[in-house]
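Each chain, letter by letter, is given below.
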Amino acid sequence: PPPLPALGLGVLQLQLGLDGPRTLPASVRIYLHGRQLSVSRQDVFPLRVIDSGASDFALSNRYMQVWFSGLTGLLKSVRRVDEEQEQRVNMEFLIYGTRASKDKSGAYLFLPDGEAQPYVPKDPPVLRVTEGPFFSEVVAYYEHVRQVVRLYNLPGVEGLSLDMSSLVDIRDYVNQELALRFHTDIGSQGAFFTDLNGFQVQPRRYLKKLPLQANFYPMPVMAYIQDARDRLTLHTAQALGVSSLHDGQLEVILDRRLMQDDNRGLGQGLKDNKRTCNHFRLLLERRSLGSE
C-alpha cells in the first residue's frame with residue numbers, strides 16, 4: 001500500500017492467506033505451588049498446570065538466555081549468546097520500615113529504621129510462564145505486587161533488554177516502603193550513576209559515613225552500575241529513588257505508604273496509594289575497551 005501522509009488515514013482490508021491457517025508455536029505453564037486455585041483452560045494455547053515444583057527454568061531469544069527461580073518467579077541470571085559465563089542478576093523485593101522516635105518518614109523525608117528486610121508474602125506466588133513466537137514472559141503474582149519480566153523474540157534492539165513491570169498495591173501497609181533490588185557480580189566499588197533530568201549522567205558514590213537515606217538519589221530516566229567488563233542499566237518510565245548500598249547492587253523504591261505528616265508543609269501523610277504500575281527496561285551490556 002502507498003505510504004500515509006502526515007496525519008493521514010488509510011483503509012486496510014484483511015484477507016485469509018492463500019496458504020491457509022498456520023499455527024504459531026506457543027505454550028503457557030502455571031505454577032500453583034500448592035495453592036488451591038481454579039485455572040480456566042483456554043483452547044487458544046496449550047496450557048499446563050504444575051501443582052508443585054521449584055526447579056529453575058530459562059527463557060531465551062537470539063541475544064540472551066535468562067534464568068528464573070522456579071520458586072519465586074524472579075530473575076536469577078542472564079547469559080548473552082556470545083559468552084559462556086552467565087552473569088548473576090538476582091532480583092528480590094524488600095521492605096523499609098520507619099524509625100519509631102523523633103521525625104518519621106513522610107512525603108518529603110525518608111527516615112528508615114535500618115536496612116531493608118526481605119519481603120515475605122503470606123502465600124507463595126503463582127507463576128505464569130508464557131512462551132510464544134513474538135515474546136516470552138514470566139508473571140509472578142504476589143500479595144502486594146505482580147511482577148512481569150518479558151523477553152522479546154524480535155530482531156533489532158527490542159530483544160536486547162528485558163521488559164519489566166511491577167504492579168504494586170500496598171494499601172494495607174502501615175509505615176512501610178516497598179523496594180526492588182538487583183544483586184550482581186559487577187565490581188562497582190561503591191559507585192553508581194544516575195541521570196539529571198534525562199540530560200547528563202552524574203556519578204554517585206556510596207558513603208558509609210552518611211545515614212542510609214542520604215545515599216539515595218532521584219532516577220528520572222536511568223541508573224547503572226559497572227566495572228571494567230560489564231554494565232547493568234535500569235531504564236525507567238517514571239521517576240523513582242535509587243541507590244547502590246553494596247557493591248554490585250542496584251535498588252529502587254517502588255512505592256511508599258506513610259501514616260503521618262513529616263512537618264515539611266504538606267499537612268498529611270502518604271495514604272492516597274493506588275495500584276501503581278512501575279515500568280522498566282533492564283539492559284546488561286559488555287563493555288569493550290577502545291583502542292588507545
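Going by the structure above, here's the rest.
Quantities reported herein were computed from a predicted structural model and do not represent experimental measurements.

**Q** Looking at this structure, how should I read the overall build of the protein chain?
**A** Of the regular secondary structure elements, the protein chain holds zero helices and 20 strands. In terms of its C-alpha atoms, the protein chain occupies a principal-axis envelope of roughly 75 × 60 × 50 Å. Burial analysis of the protein chain (292 residues in total) assigns 45% to the buried set. For the protein chain, long-range pairs separated by at least 24 residues make up 57% of all intrachain contacts whose partners lie at least 6 apart in sequence. Summed over all atoms, the accessible surface of the protein chain reaches about 16800 Å², with 53% contributed by carbon and sulfur. Mean positive and mean negative side-chain charge positions of the protein chain (34 and 33 charges, respectively) differ by 2 Å.

**Q** What's the story with the nonpolar core in this structure? I'm lost.
**A** If you look at soluble globular proteins, the nonpolar side chains tend to sit buried side by side. Counting 46 residues, the largest nonpolar core has Leu 75, Phe 93, Leu 162, Met 164, Leu 178, Phe 182 and Leu 282 as its most contacted members. At four residues, the largest contribution of residues to this core is made by strand E6 (residues 87-96). Counting nine residues, the second-largest nonpolar core is a separate cluster that includes Phe 110, Ala 116, Ala 179 and Phe 216.

**Q** Before we go on, may I ask you to explain the layout of surface pockets in this structure?
**A** Unoccupied space between atoms shows up once a probe the size of one water molecule is rolled over them. A volume near 370 Å³ is recorded for the largest pocket. Taken together, 20 residues line the largest pocket, and the ones lying closest to its centre are Leu 240, Gly 241, Ile 253, Asp 255 and Arg 256. If you list the elements that add at least two residues to the lining of the largest pocket, you get strand E18 (240-243), strand E19 (249-257) and strand E20 (276-286). In terms of residue class, the lining of the largest pocket is built from 11 nonpolar, six polar and three charged. By volume, the second largest pocket amounts to about 200 Å³. Along the walls of the second largest pocket sit Tyr 63, Met 64, Val 78, Arg 80, Asp 82, Leu 160, Leu 283, Leu 284, Glu 285 and Arg 286, which together make up its complete lining.

**Q** Explanation requested: the sheet that holds E20 in the structure shown.
**A** Each strand in a sheet pairs with its neighbour through backbone hydrogen bonds, running either in the same direction (parallel) or in the opposite one (antiparallel). Within the open sheet, the 11 strands sit side by side as E2-E1-E8-E9-E10-E11-E20-E17-E16-E13-E14. Their pairing is mixed. One side of each edge strand has no neighbouring strand; the edge strands of this open sheet are strand E2 (47-50) and strand E14 (201-205). For this sheet the average axis-to-axis angle between neighbouring strands, irrespective of direction, equals 20°. Two elements, strand E16 (residues 222-226) and strand E17 (residues 230-236), share five bridges in a ladder whose sense is antiparallel.

Reading guide: rules and limits
Residues numbered from 1 in each chain as written. Predicted model: local features only at pLDDT ≥ 70, side-chain atom pairs only at ≥ 80, totals over all residues. Heavy atoms only, no water. Helix = DSSP H or I, 4+ residues; strand = E, 2+ residues; numbered from the N terminus. Buried < 20%, exposed > 50% of the residue type's maximum accessible area, 1.4 Å probe, protein only. Contact = heavy atoms within 4.5 Å. Areas by Shrake-Rupley, 256 points an atom, 1.4 Å probe, with all protein chains shown as cover. Lys, Arg positive; Asp, Glu negative; His and termini not counted. Charge placed at Lys NZ, Arg CZ, Asp CG, Glu CD. Core = buried A, V, L, I, M, F, W, Y, C linked by side-chain atoms within 4.5 Å. 1 Å grid on protein atoms, 1.4 Å probe; cavity = no way out; pocket = protein on both sides within 12 Å on 5 of 7 lines; lining within 4 Å. Points joined across faces, edges and corners; volume = space filled by probe spheres on them. Nonpolar A, V, L, I, M, F, W, Y, C, P; charged D, E, K, R; others polar. Pairing = 2+ DSSP bridges. Axes fitted to C-alpha atoms, helices over the stretch in contact; angles between N-to-C directions.

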